[in-house]
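One-letter residues, chain by chain:
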Amino acid sequence: MAGAGLGFSSSFSAQSRATAGIMVRIPVPLLKRRKLKFAGLNEVFRIRVAGCGVSSTRLYNCGSCAAEERVPVDMERYKEAFGRRMAVAGLKPHHSIAVGVSGGPDSMALCLLTAAWKTDGPYAASQSDGYVDGLLAIIVDHRLRAESKEEAHIVSRRVSKMGIRCEIAECNWSDGRPKQGHLQEAARDMRYQNFQKVCIQHQIDVLLIAHHADDQAELLILRLSRGSGVLGLAGMAFASQLFSTSTVLHNDGSNNKGLLLVRPLLHFSKEDMYKICQASNQDWVEDPTNRNPAYARNRIRMSLGNLSSYTFQSEIQELISSCRKTRAYVDHISNELIDQAVTIMDQGYAVIDLMVLSPSKVPDMCLSKFIALVLQFVSQKHRTVRGATSKRLLDYVRTFPCKTSFTVAGCYLCPSPGSRGTKLLVCCSVNCPLPSTIEVNNSDFDREQKQYPSMLDEIIAEGKSYVDQFVPDVLDVKFLNMTCQSVLAEAKRIGIISESTHNNITLLERNETKYFKPENKVHLEQEIIENPSTSASESELLHPGKACYFMDRFMVTWNERPLRYCSSLVIDHRKAAEVRHMAESDWLYLAKLARCKNLHDLVPQITDADTIKSLQSLKSIPVAARRSLPVLVNHEGILLTIPSIGFQCCPCLIVSCTFRPRLPLGGGHSSFL
């Protein structure tokens, strides 16, 4: 879905509406590729103004070409293919679904197919007030152009005529308009934030996006030019879970099921998008930013438009398909290894059983993916480990027994105490370059919060049943442990692509590589390996009756009691405590209390038994893992509670801590079918 809603046709400008017609420029190669015949026109054709005083962007019904005979379109074939893809995703017509809509031919075709699928068959969704129940179109107004608001409303009216409810989400650029070089990336991030926000508001678990096969081809060239590995060359997932950066907290923890992102058109071409819209007499708009050569995808798209032969298109899709088989196999093996060799502790760290893992027998690509998933879970950050650092990490994991430590991607790895190097401890490094965050939830936890019933688990389980049926055999995996450069050569050797296609892809890759300026690799590796001397963690005040999400993994809840505080509590007028990481001074203080003979005289509210029990609990947690535990201190820095081990200096202070990571182990469900 190129551009994916950054804007729409420049034909909507005020100046254009004042004229009798609207000029829209389409590159000649694109016209040839789409087989749109415009008699007597070269690069420019005219669209008549129609309806509500604004352009009806009908590429197939303009002026001099209106009499052109159109090739009949078999819509039933498209609907059947779409229905099969939805079934593979685990979706049924009665499920509540949202659709991301930009107004272009891709998203309009997706709306047409989705509305037909929802209302057809024995399990069809009902309709009320002329709208299909359980179907919502989300239109994001990026507010990057003056006319974007009007354009969003035009698209909304068009989609509403299909019987689909619409909601327009406006972007709020609190830090100002993004810089030109990062405009598309910033717009994409903002777009998906709005998609998630609207879906949460409407209690929708599934979002459909209109990416198609041509988008995958563009992404292949882009990632080849960036030196991506085979897993990256597999392109976009057919289905994947998207987890919100802002967590919704409930009485029983954080709702981290995420949003299921489904791309049901990945087997459809751009040509199919036009045909579906034409067959349904559906208007669409063209995004002018999609013709700006300043953006990588646009350059690649225009170049691919000149290579529109059937052989080239089919071979590049076969290459992508082979990469996706490799990705599916690697994902399957990695998840199996996680199930067999990884134990997640309540304090948020992981233990890898190296004897069960047998890392020396695991292919490099599978082992790298396995480690990356564990690191992502423990750090709750996605950081790609590349180059020499990746090789050193593999060598470290394969060293048996483990005797040394290793810091990478926000995690600290070391031998698990008492295991004699047969088990590997993976815990969060509080001194990692990425800051830890704390979200304070202002709702009252003594009041029951409403939770809506989610069908996401059922949908994912259904989707996984299809994935499990089609896991490729290792003999069918063509590119296991191959580098970016060797994939094309191997694909040519085994006949996936011809010499001509190989040369064309290589030329496209080289042309795009010229525009890519890689960051300083030495700097990146140093940033990943080294530990700064000072902590980058943050702290936040927590009030009674409130909860906070600490380091994207711990939910800390302060259960409110009547405000009668002991002198030992020493909380200032704000009646709040600071939440921060555990420091060495904290467990030294606890040890000092345990050795104190007159503890009751020193701190009357603490008993010897409570302190000894807390200290024993703390000793059971490896030192490396203690550092990421949350503690509460007062304004003077005096320790109030270590909720993870049940230590509290006052019975009036009831604070609980539960390990509830934002991202699940394995990164959530994904499918590359």
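Notes on the structure in this doc start here. Keep in mind the model is a prediction, meaning the values are calculated, not measured.

**Remarks on the sheet that holds strand S6 (residues 135-141)**
- In spatial order, the strands read S7-S6-S3-S8-S12-S9-S27; together these seven strands make up an open sheet with mixed pairing. Each having just a single partner strand, strand S7 (165-170) and strand S27 (670-671) make up the two edges of the open sheet.
- Packing against the sheet, helix H4 (residues 105-118) makes contact with strand S3 (97-101), S6 and strand S8 (206-208), and its axis sits at approximately 160 degrees to S3.
- Lying over the sheet, helix H15 (residues 456-469) contacts S8, strand S9 (239-242), strand S12 (259-262) and S27, oriented at roughly 40 degrees with respect to S12.

**Here's the deal with the pattern of salt bridges**
- Enumeration according to the criterion identifies 19 salt bridges in this entry.
- The partner of Lys270 in a salt bridge is Asp106, and the shortest N-O contact between them spans 2.8 Å. Of this pair, Lys270 sits in helix H9 (residues 270-279) while Asp106 sits in helix H4, and the two are 164 residues apart along the sequence.
- Salt-bridge contacts for Arg398 lead to Asp364; the nearest nitrogen and oxygen are separated by 2.7 Å. Of this pair, Arg398 sits in helix H14 (residues 387-398) while Asp364 sits in helix H13 (residues 364-379), and the two are 34 residues apart along the sequence.

**Structural notes on the pairing of S9**
- Pairing geometry for S9 and S12, over four bridges, is antiparallel. Along S12, the bridge assignment pairs Leu242 with Leu259.
- As paired elements, S9 and S27 share two bridges and run antiparallel to each other. Note on S27: the bridge partner recorded for Ala239 is Ser671.

**Thoughts on the packing of aromatic side chains**
- Scanning the model with the defined rule gives seven aromatic pairs in all.
- Considering the side-chain rings of Phe377 and Phe659, the 6.0 Å spacing of their centres and the 90 degrees angle between planes classify their relative orientation as edge-to-face. Here the residue Phe377 occupies a position in helix H13, and Phe659 occupies one in strand S26 (residues 654-659), the gap between them amounting to 282 residues. As far as burial versus exposure is concerned, Phe377 and Phe659 are alike and both buried.
- Put simply, the rings of Phe377, Phe554 and Phe659 touch in pairs and so form one group of aromatic residues.
- Above the face of the Tyr78 ring, Arg77 is positioned so that its terminal group lies 4.8 Å from the ring centre.
- Here the guanidinium or amino end of Arg299 rests over the ring plane of Tyr515, the centre of that ring lying 3.7 Å away.

Criteria and cut-off values
Counting from 1, residues in each chain are numbered in the order their sequence is written. The predicted origin of the model limits local features to residues at a pLDDT of at least 70 and limits the giving and counting of side-chain atom pairs to 80 or more, whereas totals for whole chains, interfaces and linings rest on all residues. Just so you know, side-chain values use all the structure's heavy atoms and leave hydrogens and water out. Two strands qualify as a pair provided that DSSP identifies no fewer than 2 bridges between them. Strands are runs of DSSP state E lasting at least 2 residues, helices are runs of H or I lasting at least 4, and numbering of each runs from the N terminus. Only heavy atoms enter the contact rule, under which two residues are in contact if any of them lie within 4.5 Å. Every angle, taken between N-to-C directions, lies between 0 and 180 degrees, and every axis is a line fitted to C-alpha atoms, over only the stretch in contact when it is a helix. Definition used for salt bridges: Asp or Glu carboxyl oxygen within 4 Å of a side-chain nitrogen of Lys or Arg. Stacked, tilted and edge-to-face are the three classes assigned to paired rings of Phe, Tyr and Trp, where Trp is represented by its six-membered ring and a pair needs centres within 6.5 Å; plane angles under 30 degrees give stacked, over 60 edge-to-face, the rest tilted. Only protein chains enter the accessibility calculation, which uses a 1.4 Å probe; a residue is then buried when its area is under 20% of its type maximum, exposed when over 50%, and partly exposed in between. Counting as a charge over the ring demands two things of the Lys NZ or Arg CZ atom: a distance within 6 Å of the ring centre and an angle within 35 degrees of the ring normal.

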